[in-house]
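One letter stands for each residue in the lines below.
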Amino acid sequence: MGKLLISILFLFFSVTLNAQWALPHISVAHVRTEPRHGAEMSTQALMGTPLQVDSVLPSGWVAVTMPDDYRGYIIGNSLTMLDNRAFDEWRASGRAMVMSGHEVRAYVDSVSYEPVSDLVAGDIVGIAESGCRLRSKVILPDGRMGWVFASDIVPLDSVRFRGIDNVLDMARLQMGTPYLWGGLSTKGMDCSGLTKLAFLSSGFILPRDASQQAVAGEEVMLDSLRPGDLVFYGNPDTGRINHVAIYESDGNVIEAAGRVRRNRLESAGKLITARRLHVKGTPTVATHSWYHSRKVE
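Attention here is on the structure that accompanies the text. (Residues numbered from 1 in each chain as written. Predicted model: local features only at pLDDT ≥ 70, side-chain atom pairs only at ≥ 80, totals over all residues. Heavy atoms only, no water.)

### Comments concerning the pairing of strand S11 (residues 124-129)
When strand S8 (residues 95-98) meets S11, the two strands line up antiparallel, connected through 3 bridges. Each residue of the ladder has a partner; that of arginine 95, found in S11, is glycine 126. The sheet contact formed by S11 and strand S12 (residues 135-139) spans 3 bridges and is antiparallel. Looking across to S12, one finds that glycine 126 is bridged to isoleucine 139. (Pairing = 2+ DSSP bridges. Helix = DSSP H or I, 4+ residues; strand = E, 2+ residues; numbered from the N terminus.)

### Focus: the pattern of salt bridges
Inspection of every chain in the model, using the stated rule, returns 15 salt bridges. Across the salt bridge formed by aspartate 68 and lysine 196, the nearest N and O atoms sit 3.0 Å from each other. With aspartate 68 in the loop between strand S5 (61-65) and strand S6 (71-75) and lysine 196 in helix H4 (residues 191-200), the pair connects residues that are 128 residues apart, well separated along the chain. An identical accessibility class is assigned to aspartate 68 and lysine 196; each is buried. Its salt-bridge partner being arginine 208, residue aspartate 190 comes within 3.3 Å of it at the nearest N-O pair. Placement of aspartate 190 in the loop between strand S16 (188-189) and H4 and of arginine 208 in the loop between H4 and helix H5 (210-213) is noted, with a sequence separation of 18 residues between them. (Salt bridge = Lys/Arg side-chain N within 4 Å of Asp/Glu carboxyl O. Buried < 20%, exposed > 50% of the residue type's maximum accessible area, 1.4 Å probe, protein only.)

### Some words on the nonpolar core
Core analysis: the biggest nonpolar cluster contains 44 residues, and Met97, Leu194, Phe199 and Leu230 have the highest contact counts within it. Every element with two or more residues in this core is listed here: strand S1 (21-24), helix H2 (84-92), helix H3 (164-173), H4, strand S18 (230-234), strand S19 (241-249) and strand S20 (252-257). With 6 residues, H4 is the single largest residue contributor to this core. Once you skip the residues sitting within four places of it in the chain, leucine 194 turns out to touch Ala171, Gln174, Met189, Ile254, Glu255, Ala256 and Val260. Formed by 14 residues, the second largest nonpolar core is a distinct cluster that contains Ala19, Leu51, Ile74 and Leu79. (Core = buried A, V, L, I, M, F, W, Y, C linked by side-chain atoms within 4.5 Å. Contact = heavy atoms within 4.5 Å.)

### So, the sheet that holds S18
What the 6 strands build is an open sheet, ordered S17-S22-S18-S19-S20-S21; its pairing is antiparallel. Bordering the open sheet on either side are strand S17 (218-219) and strand S21 (259-264), each of which pairs with just one other strand. Two strands pair when backbone bridges link them, and S18 and strand S22 (residues 271-276) are joined in this way by 4 bridges, in the antiparallel orientation. Counterpart to leucine 230 in the pairing with S22 is arginine 275. Those strands touched by H3 are S19, S20 and S21, and its axis lies near 115° from that of S19. The strands that H4 touches are S18, S19, S20 and S21; relative to S19, the one it contacts most, it runs at about 45°. (Axes fitted to C-alpha atoms, helices over the stretch in contact; angles between N-to-C directions.)

### Regarding the packing of aromatic side chains
By the definition in use, this model includes 7 aromatic pairs. An aromatic cluster is defined as three or more aromatic residues linked by ring pairs; in this entry it consists of Trp21, Phe87, Trp90 and Trp290. Against the face of tryptophan 90 rests arginine 95, its NZ or CZ located 4.4 Å from the ring centre. Over the ring of phenylalanine 149 we find arginine 135, and its NZ or CZ is 4.9 Å from the ring centre. (Phe/Tyr/Trp six-rings, centres within 6.5 Å; stacked < 30°, edge-to-face > 60°. Lys NZ or Arg CZ within 6 Å of the ring centre and 35° of its normal.)

### Section: H3
Regarding H3, the residues found buried are Ile164, Val167, Leu168, Met170 and Ala171. For H3, the arc enclosing every buried residue in end-on projection is 160°, short of the 170-degree limit, so these residues lie on one face. Summarising the contacts, the buried residues of H3 are in contact with H4, S19, S20 and S21. (Arc of directions from axis to C-beta.)

Shape is all these values report; function is a separate question.
See below:
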């Protein structure tokens, strides 16, 4: 058993030694604050999210930087490692993003229901074969093939802002999803995970934490809120932010608190500030060089 373990570790390091990039090949990869399973999960990386490899540790953990500059550690067996050439090929390939409001599956063929992998909103897969069929053939980041319902994915090139209603629709689709600290998916999410996922569905790359989102975009007055604005709560004396929600309309917000739910604006906490993030200057999937090797028009 000891020799087998040594052989596995040798193979792992021979593959990853020259890797500058990584793609999660499971639907949701946990990102830890330290390179150990018992460490805090600070966030998650969705399948196909481009990650910069900062270092590979002897323990098998990989230090990564995410497209929003968030950093952490992911266990290596959740990742497909890429050198610069392979990463360029991935950026130039045809890909799709999962847009379903609930967990879905990639199946072994076009007719059966034997799963290859689960998938969640925001996951990115390669497009192997499409058309007018009920299911489309996709490639997962580690090369596995699967068939997904065509209605659950959209071409990555088309993931862009087409109106705030789409952001709100994704947030509403999460109603009832349980709260999970560090969560960023339909399996469970925290307050800033909800806002980040809702805006990702329209191509925006928001900062990860509520305190970071509270200084992004442009400030708006609390008496001038529009649907889709983010409202922030916390300690009025110190200005410390500890919660974020999406303003819906008519004095209601959508928040992740215990579960994703609708609440009254004034009942979600002590209001601190509000921001409008669907504005020029907010990073997007279409313009981020880690996602595309060309500018998406």
